Amino acid sequence: MSTTLLIFLVLVLVIVIVVQLARAGELLSIARGAKEGEVSAETNRALAYFMIAFLILGMIGGFWSVAYYKPLFLPAASSVHGVAIDELFNITLLFTGIVFIITQILVFWFAFRYRGGSGRKAYYFPHSNKLELIWTVVPSVVMTVLVIMGLRTWFHTLTPSQKPELEVEAIAEQFNWTIRYAGKDGKLGKRHFEKISAENPLGIDWSDENSHDDFITAEIHLPVDKLVLFRLSAKDVLHSFFLPHFRVKMDCVPGIPTQFPFTPTETTEKKRNELNDPNFMFFLACAELCGVSHWNMRRNLFVETEEEFQKWADEQKPAYDAGAVKVSLENKKDNTQDNSEKKDEQTGEIPVSAAHKTP
Amino acid sequence: MSRQGRFLFPLLIKLPDMSQHANPSASAHEVHADAHAHEEHGHHDSFISKYIFSQDHKTIAKQFLFLGIFWAIIGALFSVFFRLQLGWPGQSFPFMETLLGRWAKDGILDPNFYYALVTMHGTILVFFVLTAGLSGTFANFLIPLQIGARDMASPFLNMLSFWFFAMSSMVMFVSLFLQTGPANGGWTIYPPLSALHEAALGSKVGMDLWLISMALFIISVALGGLNYVSTVINMRTKGMTFFRMPLTVWALFFTAVVGLLSFPVLFAAAVLLIFDRTLGTSFYLSDIFIGGEALSHSGGSPILFQHLFWFLGHPEVYIIILPAFGLVSEVLSVNARKPVFGYRAMVYSIMAIVVLSFIVWAHHMFVTGMNPFVGSIFVLFTLLIAVPSAVKVFNWITTLWRGNLRLTPAMCFAIGFVSLFISGGLTGLFLGNSPIDIPLHDTYFVVAHFHIVMGLAAFYGMFAGIYHWFPKMFGRYMNNTLGYIHFTVTLIGSYMIFWPMHYMGMTGVPRRYYAFESFEFFNQYGGMNQFISVFAIIVFCAQLLFVFNFFYSIYKGRKATELNPWGATTLEWTTPLRPGHGNWPGDIPEVYRWPYDYGKDGHEFIPQTEPLKPGEKDAGH
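### Here we look at the overall build of chain A
(1) Moving on: The number of helices and strands found in chain A is 8 helices and 10 strands.
(2) Moving on: The buried share of chain A, taken over its 359 residues, is 48%.
(3) Moving on: Of all intrachain contacts in chain A linking residues separated by at least 6 positions in sequence, the fraction that spans at least 24 positions is 70%.
(4) Moving on: Total accessible area on chain A is roughly 18,100 Å²; 61% of this is exposed by carbon and sulfur atoms.

If you want it as structure tokens, here you go:
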């Protein structure tokens, strides 16, 4: 507490000194006969030098900090579409970087060069159609290029021409992820939010036979170089499925199924060697504010060779086989049935979510 | 009164006449009103009618400004609190417990309250400071003074506009002291998080008060906006054609138009959310299992809320930045002693931005699962809006070229504005392009982008406006030395705080994280977070210096004795040093030329009230 008080007192003292100096400065300039609304040549010069120094040091600092922080940046994308996105990012960076450097230099250089106080007259220059045409047309052309390149990448990313070889489901809730694999049949069984219970946390509809070989995991395992389609949903509030290394992000929305297809191109092992970091780990994070523990929704992700993935998948036990589920299934069957029927009477509508989630 | 205005907007002709009935003393039609008559009318003003329930646009402007400054201090203080947590997670700051009580037990910020602070920081700054505090202040102050009107079209509605804002403020302020805390679902209040009481502490009573406060606020915006629009259209003095209006008036006029067209949509969104929260409707809710039970809501869409929210939310950023455009254009031109370059292009680019601002909203929603084709349309319009913005930037830069710059604190902030608007605007080209938005969405890259381009830039515009028009508002000058310290510290700090955030965003560090301890990959920016927090505290202190300068100068600043200290052409500088209600003691001056005749034909400046010489052409036409 005493240090806080000390810091506070020092701060107050500094402010008092600054204010007193500022007041004295003003009285002095009035005594010297400074006119209202006038800025002296010295003041103009001091500020002009501040601006040019800010420009130069800022530019140096900008380039230096990129070099300094580069090791912390995301490594090269580990997915097919991610590489295209990074490329587009770099092209945009090139365009904007050039414009940024030129315009910032002009702003601060003009502020420096054309500072008042030298008795020079301002140049009356109200408009020039030619100049205005140039800086309407040039940005338009650049924007057109960026839009065309952007939309090509956009459609390639979200609507790839190949069929996915694997479907995985990620279900978000406060504050957790559950991952479901389709199992041997390659088909995810239906789910319905009203079937959710302690024994059946995803609300899987066991009457759908496709669900019987589905297995549920905490970690994500993916085979390398295979197009995988992530089917996303949320139980309670909005979440967002974010895999930074793969440039993947898609919201998980209660009631509306969403999806994201992508092809991982590097195994975890390869990435570890590449980065020379034996502890490197791909991971899943939540990117949409979902409540008080939003910052704690992590799952690890492993990319493996086809054989390793198959071996891992074969070791997983289907959720249906877990004894507790079977027992509770027998007991609860009638209850759930009742619930959904009641709902239908009330709203006159058929719950749509389960139908949407059928692959 | 301009004939042109009447032809363009016949529906609004009646408005000023109505106001005449409501308040005859403030009518703009009394061109021959006499100064003494006004002052004598004024003597029956009690303290309450003069300073509290005032109908004088200048007093209302100051009320908006004072309340805006009050909220700015609170909003900035909140950012200091959560920056302390981000810079030094888990470290104890005993003074936070003193100030926040149980929300900072042992001096460590509670995550619930961290999210409340983040939410309130956004709400306060976006709505109360940069909407009400910025356009509320300057639209009220400058529109009648610069177009040559004695007051607003309806001074009474104008007064109501402020008091609705005040009520809205009170409700929001009360929500800060609730047992369960204020709203904490982010300033965008996306349902279901904001709709379900069990989803977050802030989604209990705090969210109810947030929604009520916002409804009141929207009424305030609507009343103010109606007034600004009808005043500009109907109450311009003789000779003040549309293309003789200063760019401040153009910008404030279009700000009001955008506000009138977009805020009601947020009102609808808020009302539907209230229904979902209290009446059990399902506008935004479907298929929800929370707190151990499946809810009966069915058929709603959380994405619908986002569409409604951003239909306001995106025009809202232009509501914030357009007044700054206007203020900066004016301050740059006056202090460069040059006409603003390409006046007409400046007006047309504002118009283009206004139109486009209504068809870009879904660029906030590229990764909500929206149909990719719909997303592509919004990419097109979003990048298109960069064109008029680029025109404005190049025109400002050309306004500086070969000027004779008088680097007043206002001018410095205007130059800083151009620099920041470029920096923040260019990163918009990354985020507006949907594929690049995939990795950057909801990361610190977005935080850096919008803080620079609309937060800081709008603040710089506001500072430029305050320093520049302070003598007209209070009859005194602000202290220049303190102004320069404020500027230099703020400019350095602005870049030091937000530049590094781009790197964090490029690394994928998500925004709205209380701490990064679960993600060693994100946690490697610990040192950078401390650096940012240190500068945030320094910049906060610099703003306190500004606040001190502001209030000190109202009472002790150098007295203004010159009517037109900046050598400006516009009408507000033809009023007395401390204009009374009605602004001009004698006739309202007539206008003969555009407002940017600086340095023309060897003249330092030619006021708008000076008739054209034989054969002289008005440059605005």
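Structure shown, so let's carry the discussion forward.
### A few points about the environment of G465(B)
All names here are of chain B.
(1) Moving on: Tracing the backbone through its elements, the reader meets G465 in helix α17 (residues 444–474).
(2) Moving on: Sequence separation of G465 and F413 is 52 residues, and the distance between their C-alpha atoms is 9.1 Å.
(3) Moving on: Those residues within four positions of G465 in sequence are excluded, and the remaining contacts are F138, L327 and F470.

### Focus: the side chain of T157(A)
(1) Moving on: Relative to the helices and strands, T157(A) resides in helix α4 (residues 129–158).
(2) Moving on: For T157(A), a relative accessible area of 3% corresponds to the buried category.
(3) Moving on: Beyond its immediate stretch of four places on either side in the chain, T157(A) contacts H81(A), F260(A), P261(A) and I438(B).

### Overview of the side chain of S357(B)
All names here are of chain B.
(1) Moving on: Among the secondary structure elements, S357 is positioned in helix α12 (residues 343–357).
(2) Moving on: A distance of 2.8 Å separates a polar side-chain atom of S357 from the backbone oxygen of V354.
(3) Moving on: In contact with S357, not counting residues within four places along its chain, are V258, H314, P315, Y318 and I385.

### Some words on the packing of helix α11 (residues 302–336) of chain B against α12(B)
All names here are of chain B.
(1) Moving on: At their nearest, the axes of α11 and α12 sit 10 Å apart, and the two run at 170 degrees to each other. Taken together, the axis directions place α11 and α12 in an arrangement best described as roughly antiparallel. The segment α11 lies against α12, with H314, P315, Y318, L322, F325 and S329 engaging M346, I350, I353, V354 and S357.
(2) Moving on: Grouping the constituent residues of the contact of α11 with α12 by class yields 8 nonpolar, 3 polar and no charged.

### Considerations on the confidence of the model for chain A
(1) Moving on: Averaged over chain A, the pLDDT score is 87; the fraction of residues at 70 or greater is 89%.
(2) Moving on: Contacts of residues 332–359 of chain A to residues separated by more than four positions or lying in other chains number 34 contacts, the stretch itself having pLDDT below 50.

### As for the packing of helix α1 (residues 2–31) of chain A against helix α20 (residues 526–556) of chain B
(1) Moving on: Direction vectors running N to C along α1(A) and α20(B) enclose 45 degrees, while the axes themselves pass 12 Å from each other. Between α1(A) and α20(B), the angle falls in the class oblique. Of the two elements, α1(A) crosses α20(B), and the hand of that crossing is right-handed. For the pair α1(A) and α20(B), contact is made by L11(A), I15(A), V18(A), V19(A) and R23(A) and by C541(B), L545(B), F548(B) and Y552(B), respectively.
(2) Moving on: Each residue belonging to the contact of α1(A) with α20(B) can be placed in one class, and the counts come to 8 nonpolar, no polar and 1 charged.

### Brief notes about the pairing of strand β4 (residues 220–223) of chain A
Residues and elements named next belong to chain A.
(1) Moving on: Neither face of β4 is open: one carries I220 and L222, the other H221 and P223, and all of them are buried.
(2) Moving on: By the bridge criterion, 4 bridges tie β4 to strand β10 (residues 299–304) in an arrangement that is parallel. Note that in β10 the partner of P223 across the bridge is E304.

### Describing the sheet that holds strand β6 (residues 239–243) of chain A
Residues and elements named next belong to chain A.
(1) Moving on: Pairing is mixed across the open sheet formed by 5 strands, whose spatial order is β4-β10-β9-β6-β7. Both outer strands of the open sheet, β4 and β7 (248–252), are each paired with one neighbouring strand and no more. Recorded for the sheet is a direction-independent mean angle of 25 degrees between the axes of neighbouring strands.
(2) Moving on: Bridge count for β6 against strand β9 (residues 282–286) is 2 bridges, and the pairing is antiparallel. Its bridge partner being in β9, F242 is matched across the sheet by A285.

### Digging into the interface of chain A and chain B
One widely used convention gives an interface's size as the accessible area the parts lose upon coming together.
(1) Moving on: Each partner contributes residues to the interface: chain A has 115 residues there, and chain B has 137 residues.
(2) Moving on: If you look at where chain A meets chain B, you find 2 salt bridges.
(3) Moving on: Of the charged contacts, one joins R298(A) and E520(B) as a salt bridge, the two residues approaching to 3.2 Å between their closest N and O atoms.
(4) Moving on: Connecting chain A to chain B are 33 residue pairs in polar contact (both at pLDDT 80 or more).

### Looking at the pairing of β6(A)
All names here are of chain A.
(1) Moving on: For β6, a buried count of 5 out of 5 residues is recorded, marking the element as mostly surrounded by other parts of the structure.
(2) Moving on: With burial as the criterion, each face of β6 is covered, one bearing H239, F241 and L243 and the other bearing S240 and F242.
(3) Moving on: Remark: 4 residues form the turn of the hairpin made by β6 and β7, two consecutive strands paired antiparallel; R247 in that turn has positive phi of roughly 55 degrees.

### Side note on the packing of aromatic side chains
(1) Moving on: In total, this model carries 110 aromatic pairs over all chains according to the counting rule given.
(2) Moving on: Ring centres of W206(A) and Y320(A) lie 5.4 Å apart, and the angle between their planes is 50 degrees; on these two criteria the pair is classed as tilted. Placement of W206(A) in the loop between β2 (176–181) and β3 (215–217) and of Y320(A) in the loop between α6 (306–315) and α7 (323–347) is noted, with a sequence separation of 114 residues between them. Comparing W206(A) with Y320(A) shows no difference in burial state: the two are buried.
(3) Moving on: With a centroid separation of 4.8 Å and 70 degrees between ring planes, the pair formed by F463(B) and F546(B) is classed as edge-to-face. With a gap of 83 residues between them, F463(B) in helix α17 and F546(B) in helix α20 connect regions that are remote in the sequence. For the pair F463(B) and F546(B), a shared accessibility class is recorded, and that class is buried.
(4) Moving on: Note that K249(A) overlies the ring of F242(A), its terminal NZ or CZ placed 4.0 Å from the centroid.
(5) Moving on: The cationic tip of R402(B) hangs over the ring face of W401(B); the distance from NZ or CZ to the ring centre is 5.5 Å.

About the criteria used
- Residues numbered from 1 in each chain as written.
- Chains lettered and ligands numbered in written order.
- Predicted model: local features only at pLDDT ≥ 70, side-chain atom pairs only at ≥ 80, totals over all residues.
- Heavy atoms only, no water.
- Helix = DSSP H or I, 4+ residues; strand = E, 2+ residues; numbered from the N terminus.
- Buried < 20%, exposed > 50% of the residue type's maximum accessible area, 1.4 Å probe, protein only.
- Contact = heavy atoms within 4.5 Å.
- Areas by Shrake-Rupley, 256 points an atom, 1.4 Å probe, with all protein chains shown as cover.
- Polar contact = N/O pair within 3.5 Å; in protein donor to acceptor, adjacent residues only side chain to side chain.
- Axes fitted to C-alpha atoms, helices over the stretch in contact; angles between N-to-C directions.
- Parallel < 35°, antiparallel > 145°, perpendicular 65-115°, else oblique.
- Nonpolar A, V, L, I, M, F, W, Y, C, P; charged D, E, K, R; others polar.
- pLDDT = per-residue confidence, 0-100.
- Left-handed = near helix turned anticlockwise from the far one by under 90°.
- Pairing = 2+ DSSP bridges.
- Salt bridge = Lys/Arg side-chain N within 4 Å of Asp/Glu carboxyl O.
- Phe/Tyr/Trp six-rings, centres within 6.5 Å; stacked < 30°, edge-to-face > 60°.
- Lys NZ or Arg CZ within 6 Å of the ring centre and 35° of its normal.

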